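Chain residues, written in single-letter form:
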Amino acid sequence: GGGSQAGGRGFKSRRPRQSLFLRFLKYIPAKTSFRYSVAMRITLFIQDLGFGGVLRQVSLLAANLARRGHGVSVIAMYPKDNNWRQVWNADSIDIGTLFSRKPYRDIPGPITMLTAVSRLRRLLKRARTEVLYCFGGTAAMLVSWLAARTLPGTKLVWGIRGSGALLRLGSDNIMYKAVFQIP
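Notes on the structure in this doc start here. Remember, it's a predicted structure, so these values are computed and weren't measured experimentally.

**A closer look at the overall build of the chain**
Per the secondary structure count, the chain includes five helices and seven strands. Taking all 183 residues of the chain together, the buried fraction comes to 29%. Contacts in the chain between residues at least 24 apart in sequence constitute 61% of all its contacts with a sequence separation of at least 6. Counting every atom, the chain has about 13300 Å² of accessible surface; 54% of that belongs to carbon and sulfur.

Below you can see the structure in the form of structure tokens.
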């Protein structure tokens, strides 16, 4: 059987216990069917082209996505100033705007919003965008949501951020409802 003599004393040989992780690994196939190298057509949408952290994040994300082989474009609702080029780090990425200047003072009117939705939808359709990634700004979020709803092949991602204000995700918050698909 399982015993042997060693130094006059008998003992049973035991296999060392495997960790729970190692036992779990044996159930995972060696070759998975996941494909990580699928190139996608991605459009990054921001409210304005202006000097700041959002544009810097978009620049880095766009450059890295393009380096991984994805088709990337950036669309802004309007240019805020000309200083945005100082933080832009992705020279090979196409950048476009829906308007040549900010078309409203504080709150965009319904005609402006419908025009923005129509223009964004047309650009997304022309580029055959698969993923629309919207970076904050209430107007940009609404425009991206309305445009993506009319294009069945386009998935919408919102980058919700806020370094200055506390984002309260309550049941009456529209961002909360949209993110978690609460009717």
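Following the structure, the description resumes.
**Some details on unusual backbone geometry**
In the Ramachandran plot, R128 falls in the positive-phi region, its phi being about 50° despite a non-glycine side chain. Position of R128 relative to the elements: it lies in the loop between helix 3 (110–127) and strand 6 (131–135).

**Notes on the packing of helix 3 against helix 4 (residues 138–149)**
In the contact formed by helix 3 and helix 4, the axes pass within 9 Å of each other and the chain directions differ by 55°. The angle between the axes of helix 3 and helix 4 places the two elements in the oblique class. Along this stretch, helix 3 crosses helix 4, giving a crossing that reads as right-handed. Taken together, the residues of helix 4 that come into contact with helix 3 (itself represented by M113, A116, V117, L120, R121 and L124) are A139, L142, V143, S144, L146 and A147.

**Observations concerning the pairing of strand 6**
For strand 6, a buried count of four out of five residues is recorded, marking the element as mostly surrounded by other parts of the structure. Relative to strand 6, strand 3 (residues 41–49) runs parallel, the two sharing five bridges. Looking across to strand 6, one finds that L44 is bridged to Y133. Note: strand 6 against strand 7 (residues 155–159), five bridges, orientation parallel. From the neighbouring strand, C134 faces strand 7, where its bridge partner is W158.

**A word on the packing of aromatic side chains**
Using the criterion set out here, one finds one aromatic pair in the structure. Residues Y133 and F135 carry aromatic rings whose centres are separated by 4.5 Å and whose planes lie at 10° to one another, so their mutual orientation is stacked. In this structure Y133 comes out as partly exposed when scored by relative accessible area, which is 24%. With relative accessibility at 6%, the residue F135 sits in the buried group.

**Examining the sheet that holds strand 4 (residues 71–79)**
Across the sheet, five strands lie side by side as 5-4-3-6-7; this open sheet has parallel pairing. Since the sheet does not close on itself, it has two edges, and those belong to strand 5 (94–97) and strand 7, each with one partner. Within the sheet, the average angular offset between the axes of one strand and its neighbour, ignoring direction, is 25°. Each of strand 3, strand 4 and strand 6 is contacted by helix 2 (residues 53–67), which is oriented at about 165° to strand 3, the strand it contacts most.

**Observations regarding the side chain of T43**
Here T43 shows up in strand 3. A polar contact of 3.2 Å, which involves the side chain of T43, links it to the side chain of S73. In this structure the side chain of T43 is engaged in a polar contact, spanning 2.8 Å, whose partner is the side chain of T129. In this structure T43 touches S73, I75, L124, T129, V131, L132 and Y133, once residues within four positions along its chain are discounted.

**Examining the nonpolar core**
F45, M77, L98, L120 and V143 are the most contacted members of the largest nonpolar core, which totals 21 residues. Put simply, the parts of the chain that give this core at least two residues each are strand 4, helix 3, strand 6 and helix 4. The element contributing the most residues to this core is helix 4, with six residues. If we skip the residues at most four places from it in the chain, L120 touches F45, I75, L98, L132, V143, S144 and A147. In terms of nonpolar packing, the next biggest core, distinct from the first, is built from 16 residues, V72, V74, A76 and V131 among them.

Rules behind the numbers
- Residues numbered from 1 in each chain as written.
- Predicted model: local features only at pLDDT ≥ 70, side-chain atom pairs only at ≥ 80, totals over all residues.
- Heavy atoms only, no water.
- Helix = DSSP H or I, 4+ residues; strand = E, 2+ residues; numbered from the N terminus.
- Buried < 20%, exposed > 50% of the residue type's maximum accessible area, 1.4 Å probe, protein only.
- Contact = heavy atoms within 4.5 Å.
- Areas by Shrake-Rupley, 256 points an atom, 1.4 Å probe, with all protein chains shown as cover.
- Axes fitted to C-alpha atoms, helices over the stretch in contact; angles between N-to-C directions.
- Parallel < 35°, antiparallel > 145°, perpendicular 65-115°, else oblique.
- Left-handed = near helix turned anticlockwise from the far one by under 90°.
- Pairing = 2+ DSSP bridges.
- Phe/Tyr/Trp six-rings, centres within 6.5 Å; stacked < 30°, edge-to-face > 60°.
- Polar contact = N/O pair within 3.5 Å; in protein donor to acceptor, adjacent residues only side chain to side chain.
- Core = buried A, V, L, I, M, F, W, Y, C linked by side-chain atoms within 4.5 Å.

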